[in-house]
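Remarks on the overall topology
Residue strings, one per chain:
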Amino acid sequence: VAIAKAGAIPPLVALLTAGTDFTKELAAGTLQKLAANYDNKAVIAKAGAIPPLVELLTTGTAVAKEKAAGALWNLAAYSDNQVEIANAGAIPPVVELLTSGTAVAKE
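Now for a description of the structure that goes with this document.

Thresholds, definitions, all that
Residues numbered from 1 in each chain as written. Predicted model: local features only at pLDDT ≥ 70, side-chain atom pairs only at ≥ 80, totals over all residues. Heavy atoms only, no water. Helix = DSSP H or I, 4+ residues; strand = E, 2+ residues; numbered from the N terminus. Rg over C-alpha atoms; globule rule 2.2 N^0.38 Å. Buried < 20%, exposed > 50% of the residue type's maximum accessible area, 1.4 Å probe, protein only. Contact = heavy atoms within 4.5 Å. Areas by Shrake-Rupley, 256 points an atom, 1.4 Å probe, with all protein chains shown as cover. Lys, Arg positive; Asp, Glu negative; His and termini not counted. Charge placed at Lys NZ, Arg CZ, Asp CG, Glu CD. Phe/Tyr/Trp six-rings, centres within 6.5 Å; stacked < 30°, edge-to-face > 60°. Core = buried A, V, L, I, M, F, W, Y, C linked by side-chain atoms within 4.5 Å.

So, the overall build of the protein chain
Of regular secondary structure, the protein chain possesses 9 helices and 0 strands. Ordering the α and β elements of the protein chain from the N terminus gives α-α-α-α-α-α-α-α-α. Here the C-alpha atoms of the protein chain give a radius of gyration of 12 Å, agreeing with the 13 Å that 2.2 N^0.38 yields for 107 residues. Reported as C-alpha extents along the three principal axes, the dimensions of the protein chain are approximately 40 × 30 × 20 Å. Residues counted as buried form 41% of the 107 residues belonging to the protein chain. Within the protein chain, residue pairs in contact and separated by at least 24 positions form 62% of the contacts whose partners lie at least 6 positions apart. Carbon and sulfur atoms make up 61% of the accessible area of the protein chain, which totals about 5,700 Å². When the 8 positive and 9 negative side-chain charges of the protein chain are each reduced to one mean point, those points stand 5 Å apart.

Next up, the structure:
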């Protein structure tokens, strides 16, 4: 929560689309961890993280896909985010990860 209050979420969201492959992996992983905290779930979604996380499910490296899927999983625990995640097109790439992704992505 302190990281979110310090204003770190918008720059992390920006890195999902503007960073290198490695920084995208790190940003998605950091958002995954931050989204595990209930108080951060709405803040992360309001910062616009859902569409770029969904995009990473199809365009990211294997690690980015794993981290993006984990972040979306954590964000989906907040019911208000579920419709936004589905509307952003997450379902087909998640199904694809379940069938052809890495072992970690399938978890």
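Right, picking up where we left off after that structure.
A closer look at the packing of aromatic side chains
For the structure shown, the criterion picks out 1 aromatic pair. Between the aromatic rings of Tyr-38 and Tyr-78, the centroid separation amounts to 5.5 Å while the plane-to-plane angle is 75°, which identifies the pairing as edge-to-face. Residue Tyr-38 is located in helix α4 (residues 38–46), and its partner Tyr-78 is located in the loop between α6 (62–76) and α7 (79–87); the two are separated by 40 residues in the primary sequence. Of the residues examined, Tyr-38 reaches a relative accessible area of 53% and is grouped as exposed.

Describing the nonpolar core
Counting residues in each nonpolar core, the largest one holds 27 residues, and the members touching the most others are Leu-31, Ile-44 and Leu-53. Among all residues touching Leu-31, those that are not within four sequence positions of it are Ile-9, Leu-12, Val-13, Leu-16, Ile-44, Ala-49 and Ala-71.

Things to note about the environment of Lys-33
Here Lys-33 lies in helix α3 (residues 21–34). Placed 38 residues apart in sequence, Lys-33 and Ala-71 show a C-alpha to C-alpha distance of 7.3 Å.

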